[in-house]
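Working through the structure, step by step
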Amino acid sequence: MHKFLFLLFPFYAFAQKDTLQEVRVTGIRSEMASDPSKKVFQVGANLTNLGGNLYDVLSNIPSIYVTSDGNVNYRGNQNLTIYFDGKPAGILSSSRANALSLYPADQIDRIEIISNPGAKYSAEGSSGILNIILKKGSKTESLRLNSNLGTNDKYALSATYAKGYKRWTHLVDLNLRQNTRNNYQYLYRENPSPFGFSQIAQTTDEINRDYNQSIRLNSIYTFSKDRTFGISFIGRLSSDHNSEVRSNKSEFSYAADRFYARDADKKGSDSGFDLNLSYSPSANAKIDFLWIQNQGSDANQFYQHYFYGDFDTPNPNIPVRNERSSASSTNSTLLLQGDWTKSFSKKLSLDYGFKLNSRFFENSFLYEKQKEGIYVKDGVRSNGFTYEEHIQAGYVSFSKKARYLQLDGGIRVEATEIAGDVQQNYVNLFPSLSILHPISASQSISFALSSRITRPSYKSLNPFISFADPLNLNAGNPSLKPEKALLLELSHVKDFTSLSVLNSLFYREITGLVGRVRTFLNGDTTLTRYENISKSRAWGLENLSTWTVSKAFKITLSSSIYQTDLQGLINGTQVAENRWSWNSRLNQQVKWKSNWSAQLSGIYQSSQINPLGIISPYYTVDLGVKKDLGRLTINVRINDLFNTQKTIYDSRPFGFVSDLERKKETRIYYIGFSYKFESKKMKEGRERKKVNEEVINIEDD
């Protein structure tokens, strides 16, 4: 720890995050001309992203809602497929919450939301695709050193080097990050039991400590104007140490009450890499090969001790329980993809291609109990699980442009084979259609239709029960079937002199909806597992507006209102829940003289339907301030200014009482610095730009 601090502070004179000085486009940019359903968000335009991670970035994207578990909801659905540069990423193979918090924001150039993907895109994801575009190298030579410090032991160091040499373009990015968070959870549940009516209250206090190192190498060789070869490598090494105390209180009508605390000390480590080779023999062809490899291990120690009528007086009549578990896992992904375009004329073209994707998972889990001072294997709680998934896909699509119409249509076929401890085989067809009508140079209207699928993950298929929390057991379901979705969208975009408005009317229907369902077991225990709970429908209206009030003041407002209809058999109860939900985000950016700028962002999310219950509304406010001093940039930001962000589930509408409140540490103060070394040519260009901006400001005055 002290060595880390020694490395951190020497860079404080010239460090921050690698996003602001070179940003050209700010706010929201809609690529309606070529893809009616693609929306692009520039990461560097948001000051509250500076020094943050992918979780912070996504939390500031309109229509995106990120839960404390790391689930990313879009338009009321969490099955949004996440890609990096259009392909899967190994960092998402572990815990989604950890993955989002580990990836640094300064490596991200922009975020793309494709709400109605065409046939050339993978069909995975019931609510569309979220594509994270990473920064690439440049022809000029530059070195940027960054440092970031947050309250409660949050540190980050990064260095980015870019250089171009003749036909080569290179980028090297190094990252060191340490993150500590204090988390809290409270559960209240009412159970039927053999001992009569029971009430359960559980309080959990947790400290999460994450340590991460990564290196990213990216090189592109240009043979000619349209012929290139690229290689990208990302290496990851991370570890975590979590301390947890759960205080459990169970009250029964016809039995003695139980008071016990379960202390847990959890340690884990993960390592892996992504290797991507990309070759473009021409402007109309591209072939990609991707290899992802991950290795992980966990070691957990549990100590459960009992009390009398409170948590101050130990109960010696019940022996303490010492338990431990260890796990090792390996997963890998191999992907080969080819895409081609055949142009018959300037207005008619044909796209076609294939994709071969194989994923392999292997997990071994050992659970032991201490008896007479010796740890003995618990055969019921120990298990092993293997999973293989092979997807073969092909597509063909066409694009026809006319004076008043652009028509895109296609069909994709995907054959899925699942092997190992779970075996399934199925073939699906996915048609898509989009129509764009340019009303004028600044206005257009479009319609899009697509069909999608969400396949069960290997974790949701694993039937073995997790006993990490004996009060709340979790398990997968090997009988799960994939979700199938139909997406419709009608959009209208209008650009005024200083105002840009995008309105979208959307509809989504999902059959075979997968949700986590909680059932009661004996005593005070429940089991939560994944099930196909029938179907869900949602429709609503989304608005994205950007208003440039002046050169110094810009407002971005996004809002959506949608109705969700959830129907199915949940915990033995027939549920038909219908609810309106809405969210809104207001982002205000201000610039003033002497290169000062600030941003204030506010987010409100109303209540939402979830198979575990109704998620209560919440709001949060973020603040960021930046000062440019030439090559040195300083920024200060505050996340969740009023400490209001938390997740609350209410299960009463589903026929039973189970309330859950989760609060992660979200109000965090950051200070960061960035210093960029540049060549003489780059310095002269930057100074010319500064003079030109000053002349423009004088003329405006």
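Quick note: structure is the one above.
Residues numbered from 1 in each chain as written. Predicted model: local features only at pLDDT ≥ 70, side-chain atom pairs only at ≥ 80, totals over all residues. Heavy atoms only, no water.

**A short note on the overall build of the chain**
Scanning the chain from N- to C-terminus turns up 5 helices and 37 strands. Put simply, the chain has 701 residues, and 51% of those count as buried. Summarising the internal contacts of the chain: among those between residues at least 6 apart in sequence, 66% fall at separations of at least 24. Total accessible area computed for the chain in this model is approximately 31300 Å², and 58% of it derives from carbon and sulfur atoms. (Helix = DSSP H or I, 4+ residues; strand = E, 2+ residues; numbered from the N terminus. Buried < 20%, exposed > 50% of the residue type's maximum accessible area, 1.4 Å probe, protein only. Contact = heavy atoms within 4.5 Å. Areas by Shrake-Rupley, 256 points an atom, 1.4 Å probe, with all protein chains shown as cover.)

**Concerning empty space enclosed by the protein**
As enumerated under the stated definition, the model contains 8 cavities of 30 Å³ or more in all. In this structure, the second largest cavity occupies an estimated 190 Å³ of space. For the second largest cavity, the lining is made up of 19 residues, of which Tyr55, Asp56, Ser59, Asp622 and Gln645 are closest to its centre. Those elements giving two or more residues to the lining of the second largest cavity turn out to be helix H2 (54–59), strand E3 (64–66) and strand E33 (618–629). Residue composition of the lining of the second largest cavity, by class: 7 nonpolar, 7 polar and 5 charged. (1 Å grid on protein atoms, 1.4 Å probe; cavity = no way out; pocket = protein on both sides within 12 Å on 5 of 7 lines; lining within 4 Å. Points joined across faces, edges and corners; volume = space filled by probe spheres on them. Nonpolar A, V, L, I, M, F, W, Y, C, P; charged D, E, K, R; others polar.)

**Re the nonpolar core**
With 29 residues, the main nonpolar core has Leu58, Ile64, Phe84, Ile108, Ile111, Leu130 and Ile132 as its most contacted residues. If you list the elements that add at least two residues to this core, you get H2, E3, strand E4 (72–74), strand E5 (81–84), strand E6 (108–114) and strand E7 (129–134). Of all hydrophobic cores here, the second largest spans 12 residues; its members include Ile418, Phe430, Leu461 and Leu480. (Core = buried A, V, L, I, M, F, W, Y, C linked by side-chain atoms within 4.5 Å.)

**So, the pairing of strand E20 (residues 424–440)**
Bridge count between strand E19 (residues 406–420) and E20: 13 bridges; the pairing is antiparallel. Looking at the pairing, Arg412 lines up with Phe430 of E20. In this structure, the hairpin formed by E19 and E20 is closed by a connection of 3 residues. Direction of pairing for E20 relative to strand E21 (residues 443–454): antiparallel, over a ladder of 8 bridges. Within the sheet, the bridge partner assigned to Ser432 lies in E21 and is Ser450. (Pairing = 2+ DSSP bridges.)

**Here we look at the environment of Ser658**
Within the fold, Ser658 resides in strand E36 (residues 658–663). What Ser658 contacts, discounting residues up to four positions off in sequence, is Leu187, Tyr188, Arg189, Arg518, Tyr649, Asp650 and Ser651.

**Notes on the pattern of salt bridges**
Tallied over the full model, the rule gives 27 salt bridges. For the salt bridge of Glu251 with Lys249, the shortest nitrogen-to-oxygen distance reads 3.8 Å. Assessed through its relative accessible area of 29%, Glu251 is described here as partly exposed. For Glu531, the salt bridge identified is with Arg529, shortest N-O distance 3.9 Å. Linked by salt bridges that have partners in common, Arg262, Arg321, Glu323, Lys369, Asp378 and Arg381 make up one network. (Salt bridge = Lys/Arg side-chain N within 4 Å of Asp/Glu carboxyl O.)

**Some thoughts on the packing of aromatic side chains**
Per the counting criterion, the structure on display carries 18 aromatic pairs. Ring geometry for Phe259 versus Phe311: centroids 5.7 Å apart, planes at 75°, classification edge-to-face. In this pair, Phe259 is assigned in strand E13 (residues 258–282) and Phe311 in the loop between strand E14 (285–307) and strand E15 (321–343), connecting sequence segments 52 residues apart. Residue class for Phe259 comes out buried when judged on its relative accessible area of 8%. Note on Phe302 and Tyr367: the rings are 6.2 Å apart at their centroids and 15° apart in plane angle, and the pair reads as stacked. With Phe302 in strand E14 and Tyr367 in strand E16 (residues 348–371), the pair connects residues that are 65 residues apart, well separated along the chain. Each member of the pair, Phe302 together with Tyr367, is buried. One aromatic cluster in this structure is built from Trp168, Tyr221 and Phe223. Taking the ring centre of Phe506 as reference, the NZ or CZ of Arg75 above it sits at 4.4 Å. For the cation-ring pair, Arg637 lies above Tyr670, with the distance from its terminal atom to the ring centre recorded as 3.8 Å. (Phe/Tyr/Trp six-rings, centres within 6.5 Å; stacked < 30°, edge-to-face > 60°. Lys NZ or Arg CZ within 6 Å of the ring centre and 35° of its normal.)

**Section: the sheet that holds strand E25 (residues 514–520)**
Strand pairing within a sheet occurs via backbone hydrogen bonds; the two strands may be parallel or antiparallel. Across the sheet, 3 strands lie side by side as E22-E26-E25; this open sheet has mixed pairing. The sheet terminates laterally at strand E22 (472–475) and E25, the two strands that pair on one side only. Put simply, the sheet's adjacent strands are angled 30° from each other on average, direction ignored. Judged from the 7 bridges that link them, E25 and strand E26 (residues 526–532) form a sheet pairing that is antiparallel. Across the sheet, Phe520 pairs through a bridge with Thr526, a residue of E26. (Axes fitted to C-alpha atoms, helices over the stretch in contact; angles between N-to-C directions.)

**Structural notes on the pairing of strand E12 (residues 228–252)**
Two elements, strand E11 (residues 198–222) and E12, share 25 bridges in a ladder whose sense is antiparallel. The residue bridging Asp205 from the neighbouring strand is Val245, located in E12. Two successive antiparallel strands, E11 and E12, enclose a turn made up of 5 residues. Both E12 and E13 contribute to a ladder of 23 bridges, which runs antiparallel. Each bridged residue has a counterpart across the sheet, and for Asn248 the counterpart in E13 is Tyr260. The hairpin formed by E12 and E13 contains 5 residues between the paired strands.

**Thoughts on unusual backbone geometry**
Residues other than glycine seldom take positive phi values, yet Asp85 does so here, at roughly 55°. Here the phi dihedral of Asn643 falls at roughly 55°; this positive angle occurs in a residue that is not glycine. Residue placement: Asn643 occurs in the loop between strand E34 (632–639) and strand E35 (647–650). Residue classification places Asn643 among the partly exposed residues on the basis of a relative accessible area of 34%.

**Description of the environment of Asn152**
The topology assignment puts Asn152 in the loop between strand E8 (142–150) and strand E9 (154–165). Judged by relative accessible area, which is 31%, Asn152 ranks as partly exposed. Measuring from C-alpha to C-alpha, the distance between Asn152 and Tyr669 comes to 9.1 Å, with 517 residues separating the pair along the chain. When near neighbours in sequence (up to four residues on either side) are disregarded, Asn152 contacts Thr180, Arg181, Asn182 and Glu665. Within the local environment of Asn152, its side chain forms a polar contact with the side chain of Glu665, the two groups lying 2.9 Å apart. (Polar contact = N/O pair within 3.5 Å; in protein donor to acceptor, adjacent residues only side chain to side chain.)

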